Amino acid sequence: MTTSTTGPAQAAPPTTATPPALSATVTVPESLGYRVKRKLLGKPLVTDQLHAEKLSRPIALGVLAPDCVSSSAYGTEQMLTQLLPVFGIAGFALVMPITGVILFLLVVLTLCYRDVVSVYTRAGGSYVVARENLGVNVAQVAAVALLIDYIVTVAVQITAGTIAVSSWLQLTFNIDITGWSLWISVFMICLLCYGNLRGIREAGRSFAIPMYFYVLMIGLTVAVGLGKLLVGDLPKANNLHDTSNGGVLSLGHDTQTLVAFAAILGLLKAFANGGSSLTGLEAISNGVSVFRKPTGINARKAMLYMSVMLGTLVLGISILAWQAQTTPYASGSPSVLAQISSLTWGHNWFGTAMLTIVQLATALILYTGGNTSFNGFPFLASFVAEDSFLPRQLMHRGHRLAFSNGIIILAIVSLALLIGLQGNLTRLVSLYAIGVFTGFTMAAAGLFKYHRVRNEKGRTIKLLINGSAAVLSAAVVLIFATVKFTEGAWMVVVVFPIGVFALIKLNERYRRERAALAQAPASASLPTLTRNTVLVLVDAVDLAVIKALRYARSLRPIEVRAVHFMIDSKHAEHLRKGWDSSVAADVPLEIIEVPDRRLRRASVELAARTAEESDSEVTILLPRRSFSLTSRLLHDRTADSIAGAVSKLPHVAAMIVPFDVVEAIEELEAAEQGRPGSGRDREHGIGGPKPRPMRATKKLLLDAECPPQAADPSTPIPINSVRWRNRATLEGRVRSVYVGPVSGSPALEAELYDETGGITLVFLGRRSIPGIEPGARMRVEGMVGETEGFLAMANPSYVLLPRDGGDDAEDE
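Please read these numbers as outputs of a predicted model, since none were measured by experiment.

## Section: helix α23 (residues 638-646)
Every α-helix winds through 3.6 residues per turn, so residues three or four apart in the chain are directed the same way. Inspection of α23 places Ala639, Ile642, Ala643, Ala645 and Val646 among the buried residues, and these make up the whole buried set. The arc enclosing the buried residues of α23, seen along the axis, measures out at 165°, which places them on a common side.

Here it is as structure tokens:
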């Protein structure tokens with residue numbers, strides 16, 4: 001808690017003995033859509049509850065690593081799906097050299113990304129590295145790569161998690177749910193989307209538990225399996241001819257040569273699929289800002305630990321799959337990892353229990369890995385939108401402080417991908433590595449340039465590491481795009497350049513708009529006219545038009561004209577009769593013929609002619625009736641079209657006056673059923689005058705009594721309990737700040753509110769006070785006086801309080 005400079009407590013002396021009122025409280029009914037949103041998502045979170053939680057290294061590792069470490073659950077199996085159909089039984093042996101190549105890549109990329117988190121300790125990963133070193137346009141290659149990576153990650157991780165559940169049921173109870181696997185995955189994506197819209201945080205021990213649980217159980221399984229292998233007690237899978245659940249993959253028989261084209265292609269495909277084991281390696285660099293200080297050191301160590309865990313598990317699973325000859329199934333269930341677990345732990349009650357725990361751990365980390373994309377994708381999209389390469393709506397936080405638009409887009413696209421590929425894990429993996437390794441390439445290339453232009457210690461080794469990482473990652477991208485092109489990679493190859501082109505073009509559009517708005521328009525040199533003529537365009541005699549007419553008179557123009565553009569003479573005559581018989585429509589109706597039915601053109605001509613003849617500013621009011629979503633199809637948007645046309649004229653402004661037809665319908669139905677409406681009908685003269693609360697002034701409160709002073713003025717009390725001419729201590733949140741003159745001198749006025757009401761704080765002679773701003777929490781003490789008939793404190797002593805969920809005001 002930070003105490004600011006205080007001023008003397010004094011009250012503005014009133015001229016009468018009558019206590020003023022509290023600041024007025026207005027109750028506005030919530031819309032149906034908001035009420036539904038609040039029911040589904042819960043109470044809205046205020047901005048002060050948004051704060052960056054810094055995590056210790058073990059917790060941060062557990063939170064950020066699931067996407068990467070969980071890749072070990074399907075990496076080896078994906079290699080076998082490409083090797084066995086080409087090389088037959090020999091494919092089990094070939095999985096080891098390919099695993100060795102992937103582990104070599106893991107070492108190089110780990111060294112590269114340790115460098116990334118040392119240099120760039122804020123979130124963003126390869127996008128930030130590329131933007132800072134290769135230029136903002138080139139960085140969009142990394143942006144598209146990461147966005148595609150996040151989308152595919154959701155589909156892959158959720159599908160693999162469902163396979164883990166299916167494998168457990170298949171091996172334990174012989175229950176086949178593969179026919180439902182797709183819809184289970186769809187349900188899980190929808191569940192994660194809903195949870196993140198409610199504000200699931202990617203922080204805390206609960207999100208770290210699945211990663212450590214998985215590493216413990218799979219590590220234990222691998223250790224026991226390797227122990228059995230050493231003593232010759234590891235059984236074989238013996239499922240080479242299993243026809244259950246769609247059967248295992250068919251085995252190839254051409255094992256005589258490894259130099260044939262099909263053999264080389266098979267090896268490259270296996271390597272490409274195995275590259276999925278390295279997905280998620282960039283997770284720590286994308287979320288490096290969550291580490292406690294020293295951020296760079298903690299992130300470097302976490303990067304090393306994560307890579308060691310991943311490499312150990314991938315190596316161990318590959319060895320056991322090779323020796324136990326666990327063959328993948330065409331449907332993906334039971335998985336190779338589930339088969340290894342079953343063989344390792346046996347088929348007795350203890351083995352069944354351990355298999356259950358292992359599969360539970362596998363499903364948890366895979367689903368958690370899918371959830372990391374629901375955190376990473378919206379944040380990355382907000383970064384790119386902040387640079388004006390994506391729509392700015394992606395920068396807006398929603399009801400629960402999450403980037404709701406990004407979450408919804410991710411869910412929709414990943415669902416479309418999942419359903420389009422029928423939840424086939426192998427086909428999904430075919431889309432994976434291009435985006436992942438393109439991001440690796442951009443990060444490594446950016447760091448290579450970063451070190452090349454600096455003369456620093458260890459420059460040569462850093463250039464060697466990052467240069468090697470860039471070249472190897474680019475080679476993987478080329479291999480993947482070539483050998484997997486017909487298996488689905490063509491979608492990424494096609495979407496990728498289109499995505500980059502679209503982002504750059506969108507940025508150009510934003511820059512042109514910004515440049516156009518920064519220039520002074522031609523009309524800026526025109527003189528400002530002090531008079532105003534208001535034209536109300538009407539097409540009916542209803543509440544929407546009456547509301548527009550009342551608003552027109554409130555502008556105090558020199559003239560108000562009601563204008564109807566006649567397209568149908570019969571309708572115009574009917575309108576004229578209704579207008580003449582209406583009490584509310586007390587402005588003469590002017591009817592202008594439009595024989596060619598060009599309403600926009602007629603509106604422009606009328607506005608231009610009126611501005612020239614009246615030598616005044618012209619305001620055109622267009623009543624617009626707001627309908628429900630289904631009713632919008634029954635009505636056009638003429639008002640928007642006319643407003644856009646006339647607004648281009650000098651000295652002419654268009655204003656749309658909305659009217660909620662849905663609420664009017666509800667009030668009509670309520671009136672027909674004898675229930676009281678919401679008050680709109682009374683506002684327009686239907687059912688009697690609407691009672692309005694009067695502004696409380698001293699003259700209106702001459703008979704009020706001055707209550708006694710509180711027993712302990714130093715104890716904070718609710719604002720609605722304050723009494724005029726008594727000292728009081730209050731706590732609340734500043735809602736608004738205003739600087740205005742008081743007796744010719746400046747004064748800072750702040751509205752302080754709590755749950756019970758509001759009061760005005762007046763700081764005489766001050767234009768600004770550090771810390772006193774909208775959203776600030778403070779405790780004030782002083783004499784309760786008045787200003788303009790409302791309770792106020794003049795120059796109270798005050799203390800700034802920590803914001804909800806945040807740091808002290810001084811720290812902010």
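Next comes the rest of the write-up.
## Quick word on a positive patch on the surface
On the surface, Arg392, Arg511, Arg512 and Arg514 cluster together into a positively charged patch. Note that Arg511 resides in helix α19 (residues 489-518).

## Thoughts on empty space enclosed by the protein
Scanning all chains against the criterion turns up two cavities of 30 Å³ or more. Within this model, the largest cavity holds a volume of roughly 90 Å³. Around the largest cavity sit Ala73, Tyr74, Glu77, Ala160, Ile163, Ala164, Ser335, Leu337, Gln359, Thr362, Leu366 and Leu425, which together line it. When residues of the lining of the largest cavity are traced back to their parent elements, those giving at least two are α7 (136-173) and α14 (349-386). Considered class by class, the residues forming the lining of the largest cavity number eight nonpolar, three polar and one charged. Here the second largest cavity defines a volume of roughly 40 Å³. In terms of lining residues, the second largest cavity is bounded by Ser72, Ala73, Tyr74, Thr76, Glu77, Ile317, Val336 and Leu337. Looking at the lining of the second largest cavity, the elements with two or more residues in it are α4 (75-87) and α13 (336-345). Residues of the lining of the second largest cavity, tallied by class, amount to five nonpolar, two polar and one charged.

## Comments concerning the environment of Ala60
Within the secondary structure, Ala60 sits in helix α2 (residues 57-64). The buried category is assigned to Ala60, whose relative accessible area is 0%. Placed 148 residues apart in sequence, Ala60 and Ala208 show a C-alpha to C-alpha distance of 7.6 Å. If we ignore the near neighbours within four places in the chain, the residues touching Ala60 are Leu55, Val290 and Phe291.

## Section: α7
With 38 residues, α7 extends 55 Å from end C-alpha to end C-alpha; this agrees with the ideal 56 Å at 1.5 Å per step. Judged by how many residues are buried, α7 sits mostly within the fold: 29 of 38 residues are covered. Where α7 terminates, the next one or two residues include Asn174, which has phi positive at roughly 55°.

## Things to note about the packing of helix α5 (residues 90-119) against helix α12 (residues 295-324)
At a closest axis distance of 10 Å, the pairing of α5 and α12 adopts a crossing angle of 175°. If you check the angle between α5 and α12, you find them roughly antiparallel. In terms of residue class, the contact of α5 with α12 is made up of 17 nonpolar, seven polar and four charged.

How each quantity is defined
Residues numbered from 1 in each chain as written. Predicted model: local features only at pLDDT ≥ 70, side-chain atom pairs only at ≥ 80, totals over all residues. Heavy atoms only, no water. Buried < 20%, exposed > 50% of the residue type's maximum accessible area, 1.4 Å probe, protein only. Helix = DSSP H or I, 4+ residues; strand = E, 2+ residues; numbered from the N terminus. Arc of directions from axis to C-beta. Patch = residues over 30% accessible without salt bridge, like charges linked within 9 Å, V, L, I, M, F, W, Y side chains within 5 Å. Areas by Shrake-Rupley, 256 points an atom, 1.4 Å probe, with all protein chains shown as cover. Salt bridge = Lys/Arg side-chain N within 4 Å of Asp/Glu carboxyl O. Lys, Arg positive; Asp, Glu negative; His and termini not counted. Charge placed at Lys NZ, Arg CZ, Asp CG, Glu CD. 1 Å grid on protein atoms, 1.4 Å probe; cavity = no way out; pocket = protein on both sides within 12 Å on 5 of 7 lines; lining within 4 Å. Points joined across faces, edges and corners; volume = space filled by probe spheres on them. Nonpolar A, V, L, I, M, F, W, Y, C, P; charged D, E, K, R; others polar. Contact = heavy atoms within 4.5 Å. Expected span 1.5 Å × (residues − 1). Axes fitted to C-alpha atoms, helices over the stretch in contact; angles between N-to-C directions. Parallel < 35°, antiparallel > 145°, perpendicular 65-115°, else oblique.

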